[in-house]
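Each chain, letter by letter, is given below.
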Amino acid sequence: MAESCLIVAKVLEGIKKEVHPGIKTAELDRYVESFIVSRGARPAFKGYRGYPASVCTSINEQVVHGIPSSIQLNEGDIVSLDIGVYYRGFYGDAALTLPVGKVSHQAERLLAATEMALYLGIEKAVPGNRLFDISAAIQRCTEEEGFSVVRNFVGHGIGRELHEEPQIPNFGKPGQGPEIREGMTLAIEPMVNAGGWEVVILDDGWTAVTKDRSLSAHFEHTIAITGDGNVILTKQ
Ligand code: MF3
Ligand code: CO
């Protein structure tokens, strides 16, 4: 898993310099696919339940599962990039949201809060804690910043399958849920809206957008629970 996750980390690092005003999200998809394939790996999302691309590109009010297209990124947009890799029997999954050029103060705050929520959640992902300790930490951080967590999508176990048990909600009560144990591998992925938490799915059957069309951000890491803590596998 460390190997598949390292490929995810490298492609997310590499894509940062590709994201600029004027680039089409389909060009980002080509970059991601050729990067992954050149390392002897397979893009995990392509073909998954019929998803047509190697990366999810979700712009502004799009929450997750945006499909790459001939649409160009504009100065001031935010774009979430979610990537999965399958390599030698194991999956890795990570996401981040990037500013396109100069973005609004609110967008900057949203990105910072969502990334912080992810890291506060990861801090709780240690043996002996309960699963919803992660959820509660994410929710608390998000709501303290005046934002809301999406309810309809969750983090997940990951390993030989892209999505395994348990589901990891981004909201919940501390001290509840299954015990976190050494050897678990989890994808933790807060999706945070600037406005309300409700989302709707567009007619393409994939793209989730905020119901109130407020901005949304998404950060995700795959981690492994160790004897005394965890390691973030999708980090170089
Ligand atoms: N990180 C998302 C997830 O774990 C991305 C899945 S996109 C899909 O569900 F195309 F594979 F569905
Ligand atoms: Co995921």
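See above for the structure.
Residues numbered from 1 in each chain as written. Chains lettered and ligands numbered in written order. Predicted model: local features only at pLDDT ≥ 70, side-chain atom pairs only at ≥ 80, totals over all residues. Heavy atoms only, no water.

### So, the nonpolar core
Of all hydrophobic cores here, the largest spans 52 residues; its most connected members are Leu81, Ile83, Ile134 and Ile188. Looking at which element gives the most residues to this core, the answer is helix H3 (residues 105–123), with seven residues. Setting aside chain neighbours within four positions, we find Leu81 in contact with Leu12, Ile15, Val19, Leu28, Val55, Cys56, Thr57, Ala94, Ala95, Leu96 and Leu98. Within the second largest apolar cluster, 14 residues are counted, among which are Cys5, Tyr51, Tyr91 and Trp206. (Core = buried A, V, L, I, M, F, W, Y, C linked by side-chain atoms within 4.5 Å. Buried < 20%, exposed > 50% of the residue type's maximum accessible area, 1.4 Å probe, protein only. Helix = DSSP H or I, 4+ residues; strand = E, 2+ residues; numbered from the N terminus. Contact = heavy atoms within 4.5 Å.)

### Looking at the sheet that holds strand E10 (residues 191–193)
The strand order E6-E10-E13 describes an open sheet built from three strands, whose pairing is antiparallel. The sheet is open, and its two edges are formed by strand E6 (148–149) and strand E13 (216–218), each paired on a single side. Looking at chain direction, E10 and E13 are connected through three bridges and run antiparallel. Bridge assignment links Val192 to a residue of E13, and that residue is Ala217. The sheet contacts of H3 involve E10 and E13, and relative to E13 the element is tilted by about 35°. (Pairing = 2+ DSSP bridges. Axes fitted to C-alpha atoms, helices over the stretch in contact; angles between N-to-C directions.)

### A short note on the layout of surface pockets
Estimated volume of the largest pocket: approximately 520 Å³. Looking at the largest pocket, it is lined by 23 residues, and the ones nearest its centre are Tyr48, His65, Phe153, Val154 and His163. For the lining of the largest pocket, the secondary structure elements donating two or more residues are strand E7 (155–157) and strand E8 (164–168). Take the lining of the largest pocket: its biggest share by element is three residues, from E8. Each residue belonging to the lining of the largest pocket can be placed in one class, and the counts come to ten nonpolar, seven polar and six charged. One number sums up the size of the second largest pocket: a volume of about 270 Å³. Surrounding the second largest pocket, 18 residues form its lining, Glu13, Lys16, Leu96, His221 and Thr234 being those nearest its centre. Listed by contribution, the elements that provide at least two residues to the lining of the second largest pocket are helix H1 (2–15), strand E5 (90–99) and H3. (1 Å grid on protein atoms, 1.4 Å probe; cavity = no way out; pocket = protein on both sides within 12 Å on 5 of 7 lines; lining within 4 Å. Points joined across faces, edges and corners; volume = space filled by probe spheres on them. Nonpolar A, V, L, I, M, F, W, Y, C, P; charged D, E, K, R; others polar.)

### Let's talk about the packing of H3 against helix H4 (residues 131–144)
For the pair H3 and H4, interaxial distance at closest approach is 8 Å and the crossing angle is 155°. Classified by the angle their axes make, H3 and H4 are roughly antiparallel. In the crossing of H3 with H4, the sense of the turn from one axis to the other is right-handed. Of H4, the residues touching H3 (which contributes Ala113, Met116, Ala117, Leu120 and Gly121) are Ile134, Ala137, Ile138, Cys141 and Thr142. Here the contact of H3 with H4 is built from residues that sort into eight nonpolar, two polar and no charged. (Parallel < 35°, antiparallel > 145°, perpendicular 65-115°, else oblique. Left-handed = near helix turned anticlockwise from the far one by under 90°.)

### Examining the coordination of the cobalt ion (ligand 2)
In this structure, Asp93 (OD), His156 (NE2), Glu189 (OE) and Glu220 (OE) serve as the protein donors to the cobalt ion (ligand 2), at separations of 2.0 to 2.3 Å. Classification of the site at the cobalt ion (ligand 2) rests on its six donor atoms, whose angles at the metal span 66 to 170°, yielding the label irregular. Here the donor residues of the cobalt ion (ligand 2) share one chain and are spaced in sequence as D-x62-H-x32-E-x30-E. Here His156 is found in strand E7, whereas its partner Glu220 is found in the loop between E13 and strand E14 (221–225), with 64 residues between them in sequence. Across this residue pair, the class does not change: His156 and Glu220 are buried. (Donors = N, O, S within 2.8 Å, 3.2 Å for Na, K, Ca; no water. Tetrahedral: all angles 85-135°; square planar, octahedral: opposite > 155°, others 65-115°.)

### Some thoughts on the pattern of salt bridges
All told, the structure shown has four salt bridges when counted by the stated rule. Glu33 is paired through a salt bridge with Lys46; the nearest N and O atoms lie 2.8 Å apart. Highlighted residues: Glu33 in helix H2 (residues 25–38) and Lys46 in the loop between strand E1 (42–43) and strand E2 (55–59), separated in sequence by 13 residues. For Lys46, a relative accessible area of 36% gives the class partly exposed. Among the ionic pairs, Lys102 bridges to Glu108, the shortest N-O distance being 3.7 Å. For Lys102, a relative accessible area of 61% corresponds to the exposed category. (Salt bridge = Lys/Arg side-chain N within 4 Å of Asp/Glu carboxyl O.)

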